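Structural overview
If you want the building blocks of each chain, they are given just below.
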Amino acid sequence: DDDDTPHTAIKTEIVTSFPQMKIHAARKLLWASCMWLFCHYDKDTPITVETVHQTYTPQLEQLLTELAPAFHELIANDNADDDD
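What comes next is a walk through the structure. (Residues numbered from 1 in each chain as written. Predicted model: local features only at pLDDT ≥ 70, side-chain atom pairs only at ≥ 80, totals over all residues. Heavy atoms only, no water.)

The biggest cluster of nonpolar side chains holds 7 residues, and these are Cys34, Met35, Phe38, Cys39, Val52, Leu60 and Leu64. At 4 residues, helix H1 (residues 18-39) tops the list of elements feeding residues into this core. (Core = buried A, V, L, I, M, F, W, Y, C linked by side-chain atoms within 4.5 Å. Buried < 20%, exposed > 50% of the residue type's maximum accessible area, 1.4 Å probe, protein only. Helix = DSSP H or I, 4+ residues; strand = E, 2+ residues; numbered from the N terminus.)

Okay, structure coming up:
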């Protein structure tokens, strides 16, 4: 094609169980929520996801790291409920 736009592949993974699907969905929700917080930090002048990555990657990674233990506990407890 003659388009000069860079093309990137979207990573996909086939999951084979409902608990796996819930883990991926929860991870996506956590990531999307954190991105929304950064994009809308200044409610009058929201920024793009690209700008968040270019400007705030260390802070975004720190937030995700801080939230990870609670995220993993939530997933573990939720998956334990599936075993009942």
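Moving on, we come to H1. For an α-helix, 3.6 residues make a turn, and residues three or four places apart therefore share a direction. An ideal rise of 1.5 Å per residue puts 32 Å on 22 residues; H1 measures up with 31 Å between its terminal C-alpha atoms. For H1, the N-terminal cap is Ser17; the gap from its side-chain oxygen to the backbone nitrogen of Gln20 is 3.2 Å. (Expected span 1.5 Å × (residues − 1). Polar contact = N/O pair within 3.5 Å; in protein donor to acceptor, adjacent residues only side chain to side chain.)

All right, on to the packing of aromatic side chains then. Each aromatic ring pair is summarised here by two numbers: the centre-to-centre distance and the angle between the ring planes. Inspection of every chain in the model, using the stated rule, returns 1 aromatic pair. For the pair Phe38 and Tyr56, a centre-to-centre distance of 5.8 Å together with 40 degrees between the ring planes defines the contact as tilted. You can see Phe38 sitting in helix H1 and its partner Tyr56 sitting in helix H2 (residues 49-82), a full 18 residues away along the chain. Residue classification places Tyr56 among the partly exposed residues on the basis of a relative accessible area of 31%. (Phe/Tyr/Trp six-rings, centres within 6.5 Å; stacked < 30°, edge-to-face > 60°.)

The space that makes up the largest pocket amounts to roughly 260 Å³. Lining of the largest pocket is provided by Thr8, Ala9, Ile10, Lys11, Thr12, Glu13, His24, Arg27 and Lys28. Roughly 150 Å³ of internal volume is contained in the second largest pocket. Lining the second largest pocket we find Leu37, Phe38, Cys39, His40, Tyr41, Asp42, Thr45, Ile47 and Tyr56. With 3 residues, H1 is the single largest residue contributor to the lining of the second largest pocket. (1 Å grid on protein atoms, 1.4 Å probe; cavity = no way out; pocket = protein on both sides within 12 Å on 5 of 7 lines; lining within 4 Å. Points joined across faces, edges and corners; volume = space filled by probe spheres on them.)

Such coordinate-based values are descriptive only and should not be taken to indicate function.
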